[in-house]
Amino acid sequence: MRNVVVLLFLTLASCASNPWTYNSAPGSGATGADAAQKPTVYIEPFTVGSAVGSSWSHVGPEMQKAFRRALLKTGKYEVAQGLHQAENAFSSFGVSAVITDFMHSSEAPESVRRMSWFSEANDAIVALDVTATDLRTGRIVYSDQLVATVSAGDAETDQYGSLQFGSYLFWSTPLGEASTAVIDDAVSQLATLRGSTPGIVEITSYQVGSREVGLAGGDLLDEGGIYYVGSMDRVHGEFTSLDDDLGRPLRLRVEHHFFGRSTGWLLSVPADYENVTGATLSKSPLPTQLSSE
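Predicted model, so just to flag it, every value in this text is computed and none were measured.

Analysis parameters
Residues numbered from 1 in each chain as written. Predicted model: local features only at pLDDT ≥ 70, side-chain atom pairs only at ≥ 80, totals over all residues. Heavy atoms only, no water. Helix = DSSP H or I, 4+ residues; strand = E, 2+ residues; numbered from the N terminus. Buried < 20%, exposed > 50% of the residue type's maximum accessible area, 1.4 Å probe, protein only. Contact = heavy atoms within 4.5 Å. Areas by Shrake-Rupley, 256 points an atom, 1.4 Å probe, with all protein chains shown as cover. Expected span 1.5 Å × (residues − 1). Arc of directions from axis to C-beta. Salt bridge = Lys/Arg side-chain N within 4 Å of Asp/Glu carboxyl O. Polar contact = N/O pair within 3.5 Å; in protein donor to acceptor, adjacent residues only side chain to side chain. pLDDT = per-residue confidence, 0-100. Core = buried A, V, L, I, M, F, W, Y, C linked by side-chain atoms within 4.5 Å. Patch = residues over 30% accessible without salt bridge, like charges linked within 9 Å, V, L, I, M, F, W, Y side chains within 5 Å. Phe/Tyr/Trp six-rings, centres within 6.5 Å; stacked < 30°, edge-to-face > 60°. Axes fitted to C-alpha atoms, helices over the stretch in contact; angles between N-to-C directions. Parallel < 35°, antiparallel > 145°, perpendicular 65-115°, else oblique. Left-handed = near helix turned anticlockwise from the far one by under 90°.

Side note on the overall build of the chain
A count of helices and strands for the chain gives five helices and 15 strands. Buried residues in the chain amount to 42% of all 293 residues. When contacts within the chain are restricted to residue pairs at least 6 apart in sequence, those whose partners lie at least 24 apart make up 69%. Total accessible area on the chain is roughly 15900 Å²; 53% of this is exposed by carbon and sulfur atoms.

Comments concerning helix α2 (residues 59-73)
Look at α2: 21 Å from first C-alpha to last across 15 residues, which is about the 21 Å you get at 1.5 Å a residue. Those residues of α2 that sit buried are Val 59, Gly 60, Met 63, Gln 64, Ala 66, Phe 67, Ala 70 and Leu 71. Angular distribution of buried residues about the axis of α2 spans 165°; they occupy a single face of the element. Those residues of α2 hidden inside the fold are in contact with β1 (40-43), β2 (47-48), β3 (78-80), β4 (92-104), β7 (123-134) and α4 (174-189). Just beyond α2, the residue with positive phi is Gly 75, at close to 80°.

Points about the pattern of salt bridges
Applying the stated criterion to the full structure yields four salt bridges. Across the salt bridge formed by Asp 244 and Arg 248, the nearest N and O atoms sit 2.8 Å from each other.

Some points on the environment of Val 213
Assignment of secondary structure puts Val 213 in strand β10 (residues 212-216). We classify Val 213 as buried; its relative accessible area is 1%. With 53 residues separating them along the chain, Val 213 and Leu 266 place their C-alpha atoms 7.5 Å apart.

Let's talk about the side chain of Ser 91
Here Ser 91 is to be found in the loop between α3 (83-87) and β4. Classification of Ser 91 as buried rests on a relative accessible area of 9%. A distance of 3.1 Å separates the side chain of Ser 91 from the side chain of Thr 197, its partner in a polar contact. In this structure Ser 91 touches Pro 39, Thr 40, Thr 197 and Pro 198, once residues within four positions along its chain are discounted.

Concerning the confidence of the model for the chain
Low-pLDDT stretches of the model should not have their predicted coordinates read in fine detail. A residue-level look at the chain finds 88% of positions with pLDDT of 70 or above and a mean pLDDT of 85. This stretch, residues 1-16, has a pLDDT under 50; its non-local contacts, to residues over four places away or in other chains, come to three contacts.

A word on the nonpolar core
In a soluble, globular protein the nonpolar side chains are often hidden away together inside. Counting residues in hydrophobic clusters, the biggest one holds 41 residues, and the most contacted among them are Trp 56, Met 63, Phe 67 and Phe 102. Elements with a minimum of two residues in this core: β1, α2, β4, β7, β8 (140-151) and α4. Leaving out residues up to four positions away in the same chain, Phe 67 has contacts with Ile 43, Phe 46, Val 95, Ile 183, Ala 186, Val 187 and Leu 190.

Some points on a nonpolar patch on the surface
A grouping of Tyr 22, Tyr 168 and Leu 169 is seen on the molecular surface, where their side chains present a nonpolar patch of about 350 Å² in accessible area. Locating Tyr 168 in the fold gives a position in the loop between β8 and α4.

Some details on α4
Here α4 spans 23 Å end to end across 16 residues, near enough to the 22 Å set by a 1.5 Å rise per residue. Among the residues making up α4, those that are buried are Pro 174, Leu 175, Gly 176, Ala 178, Ser 179, Thr 180, Val 182, Ile 183, Ala 186 and Val 187. Those residues of α4 hidden inside the fold are in contact with α2, β4, β7, β8 and α5 (191-195).

With respect to the packing of aromatic side chains
Across all of its chains, the model carries ten aromatic pairs by this definition. Between Trp 56 and Tyr 160, the aromatic rings sit 5.5 Å apart at their centres with planes inclined by 80°, giving edge-to-face as the arrangement. Here Tyr 160 lies in the loop between β8 and α4 and Trp 56 lies in the loop between β2 and α2, a separation of 104 residues in the sequence. Note on Trp 56: relative accessible area 13%, which makes it buried.

A short note on the side chain of Ser 92
Its place among the elements puts Ser 92 in strand β4. Reaching out from Ser 92, the side chain makes a polar contact with the backbone oxygen of Ala 86 at a distance of 3.0 Å. Apart from the residues within four sequence positions on either side, Ser 92 is in contact with Thr 40, Ala 86, Glu 87, Thr 133, Asp 134, Leu 135 and Arg 136.

Quick word on the environment of Arg 69
Along the chain, Arg 69 falls in helix α2. Under the relative-accessibility criterion, Arg 69 is labelled partly exposed at 30%. In sequence terms Arg 69 and Val 79 are ten residues apart; their C-alpha atoms lie 9.1 Å from each other.

Concerning the packing of α2 against α4
Between α2 and α4, the least distance of the axes is 10 Å, while the angle of their chain directions is 50°. It follows from the interaxial angle that α2 and α4 lie oblique. Once α2 is placed against α4, the crossing between them reads as right-handed. For the pair formed by α2 and α4, the contact residues are Met 63, Ala 66, Phe 67, Ala 70 and Leu 71 on the first element and Ser 179, Ile 183, Ala 186 and Val 187 on the second.

Here you go:
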C-alpha cells in the first residue's frame, strides 16, 4: 500500500510542479536584494505577431506588465516609465519584444506538429522575440527568440474557459505556465545588461607586465565581449575611462573558463599612472578623464 501511495505521489508530481497549489504570477513574492549599481531599462510596448490568434490579441500589454514586474522584482534594474527618463540615465537600455507564438500546437499546421509516443503532442507554446538597445550608442546589445513549451494534455479539453491573460488562475494553465517560463528566461538573459553597467563587474587582480586580469562578476559578461575599463572619479562621482600607454581608453576582452571562472585580456598596455585593480567595466565608451574635468 505504501508503494502505491508513493507511486501516486510521483505520478502527480510529474504532471505539475505542485499539484496541490495554484501557480503565482511572474515576479511574485519579495523583491530581491537591491543592487548598488543598476542599469535603467525602458520597456517598449510589446507587439503581437500575426500568428497569434485573435482570441489572444490582447496579450501584448498584459505580457509587458508581467515582464516589467518580474524585471523590477529582481532588485537589479531601474525600470523607467518613459523613454526620456531612461535616456537621461548614465546606463540605459531599451527593450522591445514581439510575441511571435501564443497557441497550442494542436492549432498549428499539421506539418509542424510533433509526435508524442503514438499520437500528436498538444503543447502550449509561447515565444518572444526580444531585442535590447543601448540608448546612449543606439547599438543592439542583445537579440534572441526565447521559447517555452508546456504539455497541454487533451486537445479537445477547454483549458481556459473565461480566464483572461494575467488573471490569478491563468498562470496555472498551460499557456500561463509557458508564459511564466519565457518571461523568467528573458529576465535571466538580460543579466548581460547588468554586466555592461559600470560598478557591477570589478577587476580583482592585475600584475604589471601581464595582460590577463581577474574579474568578479564576470559571468554576467558576454564571452568574447569587448568592454571599456574605467573607475569612479571620487570628485565628480562619475565613471571615467582608464588610459592605456598611448592615452587611449583602455579596453579588454572577456574570456569564460570552466567552473564559472572568468578573466579579462587587456587589449593594450595600461598607463603607468593607472590603478587597474579595482577598476570596473562598461559596454559603452566612458568619458575620458580630460573631458570630465
